[in-house]
Amino acid sequence: MFKVVYRNSLRIVVDILTIAKDSDIESKGVGITTLLRKGNISYSRLSRLLNDLVRCGLIEEINAERGVRYRISDQGRQFLIAYSRFEEFAQSFGLHL
Amino acid sequence: MSSTLFIVDGVLALIGALIGLTIGYIALAGYRETGSPALLRLTSAFIFLFLGFTFEALAVFSYVSLIPIFALASSFFTVASSFLQAVGFFFLAFSHILNVRASQRALVMPLLLPLSMPVIQISAALKSISFYLLIYGSLETAIAYVKTRRAETLVLSLGLIFLAVSELAKWLSYVELSWPFWYSSSLILKVIGLSTLFVPIVKFASRRGVV
């Protein structure tokens, strides 16, 4: 039987940061279309989320020739490392972050 | 014989307090870094358990006159420790309840509520609540193991069962005539249960996160 797994807002943030990290091959950042497609999230929600992530310093906004691109910052990478460690810790207790 | 058992119980309570403080501190650091509500609930659970175990140690040591200055407050410490531990175990079980879907939650809550009926004395009543909360927490952790297949989750689930049975044995030592047997059994089970709580601490300390 197919079971739907809902993501909470923290999980969505982690997914977006991970996509920004993994899809950014030449450190030129990733476009919003890639984030939309791989992140499986609506445009309006992603726009709001990206504004928040840029404001918090987890993602950097780059003004390129063909529009705005997004690159994960050092702070964003640190956040992913911390998330990964504490996710494992919480899972030991059978919990999800 | 009995005073030796009490001193062992007090030392174990201090170890429990130390474990509770360490896990609470790690969970708090995680909450500060990620803002996860699950880690906030885990912090609350283990801070209450830290306070509960500390009060339990104070109760035991004042009862055997190791800390004479607190002798008069021994019964207060006993009730306070049982209360704080029950609150800690509640937060631990509550974290799992929030992970369960609303329809299933409705089935779980009525199971928990009648079990809080008053028993012979306040401390024993609180211990019985802790027992059921621990059983619930261990079952939910076992279910999480079935999903994730992580060895440390299974170890922790078994540890919570040992702690639950330890609470039951201690409860029996309050009402049974052969109390030294039940009290000793409770201490042995507590040692095993507390040992398993070291697993997530050691694993967390040994891991240097790489993404």
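Residues numbered from 1 in each chain as written. Chains lettered and ligands numbered in written order. Predicted model: local features only at pLDDT ≥ 70, side-chain atom pairs only at ≥ 80, totals over all residues. Heavy atoms only, no water.

Engineer: So what's going on with empty space enclosed by the protein? Residues and values would help.
Structural biologist: Taken as a whole and judged by the stated rule, the model has 2 cavities of 30 Å³ or more. Approximately 70 Å³ is the volume found for the largest cavity. Around the largest cavity, the lining residues are Gly 16, Ile 19, Gly 20, Phe 46, Leu 49, Phe 53, Phe 89, Leu 92, Leu 160, Leu 163, Leu 194 and Leu 197 of chain B. Here the lining of the largest cavity is built from residues that sort into 10 nonpolar, 2 polar and no charged. Quantified by volume, the second largest cavity comes out at close to 60 Å³. Arg 85, Glu 88, Phe 89 and Ser 92 of chain A together with Pro 200, Lys 203, Phe 204 and Arg 207 of chain B are the residues that line the second largest cavity. Looking at the lining of the second largest cavity, the elements that each hand over two or more residues are helix H4 (74-92) of chain A together with helix H8 (198-206) of chain B. With 4 residues, H4 of chain A is the single largest residue contributor to the lining of the second largest cavity. Considered class by class, the residues forming the lining of the second largest cavity number 3 nonpolar, 1 polar and 4 charged. (1 Å grid on protein atoms, 1.4 Å probe; cavity = no way out; pocket = protein on both sides within 12 Å on 5 of 7 lines; lining within 4 Å. Points joined across faces, edges and corners; volume = space filled by probe spheres on them. Nonpolar A, V, L, I, M, F, W, Y, C, P; charged D, E, K, R; others polar. Helix = DSSP H or I, 4+ residues; strand = E, 2+ residues; numbered from the N terminus.)

Engineer: Please set out the sheet that holds strand E2 (residues 59-64) of chain A residue by residue, giving values where relevant.
Structural biologist: Residues and elements named next belong to chain A. With antiparallel pairing, 3 strands are arranged side by side in an open sheet as E1-E3-E2. Since the sheet does not close on itself, it has two edges, and those belong to strand E1 (30-31) and E2, each with one partner. Summarising the sheet, E2 and strand E3 (residues 67-72) pair through 6 bridges and their orientation is antiparallel. By the bridge assignment, Ile 62 is partnered in E3 with Arg 69. Helix H3 (residues 43-56) contacts E2 and E3 of the sheet and is inclined by roughly 110 degrees relative to E2. (Pairing = 2+ DSSP bridges. Contact = heavy atoms within 4.5 Å. Axes fitted to C-alpha atoms, helices over the stretch in contact; angles between N-to-C directions.)

Engineer: So, the nonpolar core: which residues are in play, and what are the values?
Structural biologist: Of all hydrophobic cores here, the largest spans 58 residues; its most connected members are Ile 16, Leu 35 and Phe 89 of chain A together with Leu 42 of chain B. Not counting chain neighbours up to four residues away, the residues in contact with Leu 42 of chain B comprise Phe 89, Phe 93 and Leu 95 of chain A together with Ala 27, Leu 92 and Ser 95 of chain B. Counting 6 residues, the second largest nonpolar core, distinct from the first, contains Leu 5, Phe 6, Val 60 and Tyr 183 of chain B. (Core = buried A, V, L, I, M, F, W, Y, C linked by side-chain atoms within 4.5 Å. Buried < 20%, exposed > 50% of the residue type's maximum accessible area, 1.4 Å probe, protein only.)

Engineer: So, the environment of Leu 46 of chain A: which residues are in play, and what are the values?
Structural biologist: Residues and elements named next belong to chain A. Tracing the backbone shows Leu 46 in helix H3. Take Leu 46: its relative accessible area is 0%, and that puts it in the buried class. Those residues in contact with Leu 46 that lie beyond four places of it in its chain are Ile 16, Ile 32, Leu 35, Leu 36 and Ile 41.

Engineer: So what about the packing of aromatic side chains? Which residues, and what values?
Structural biologist: Counted according to the given criterion, the structure contains 12 aromatic pairs over all chains. Consider the rings of Phe 86 of chain A and Phe 204 of chain B, whose centres lie 5.1 Å apart with planes at 35 degrees: the pair is tilted. Of this pair, Phe 86 of chain A sits in helix H4 while Phe 204 of chain B sits in helix H8, placing the two residues on different chains. Residue Phe 204 of chain B is classed as buried on the basis of its relative accessible area, which comes to 14%. A network of ring pairs unites the aromatic residues Phe 86, Phe 89 and Phe 93 of chain A together with Phe 46 and Phe 204 of chain B as a single cluster. In this arrangement the basic side chain of Arg 85 of chain A is found over the ring face of Phe 204 of chain B, its NZ or CZ atom lying 4.3 Å from the centre. (Phe/Tyr/Trp six-rings, centres within 6.5 Å; stacked < 30°, edge-to-face > 60°. Lys NZ or Arg CZ within 6 Å of the ring centre and 35° of its normal.)

Engineer: Explain unusual backbone geometry residue by residue, including any values.
Structural biologist: Although it is not a glycine, Asn 40 of chain A sits at a positive phi angle of roughly 50 degrees. Note that Asn 40 of chain A resides in the loop between helix H2 (32-39) and H3. Its relative accessible area of 64% is what places Asn 40 of chain A among the exposed residues. The residue Arg 149 of chain B is not glycine, and still its phi comes out positive at about 60 degrees. By secondary structure assignment, the location of Arg 149 of chain B is in the loop between helix H5 (122-148) and helix H6 (151-175).

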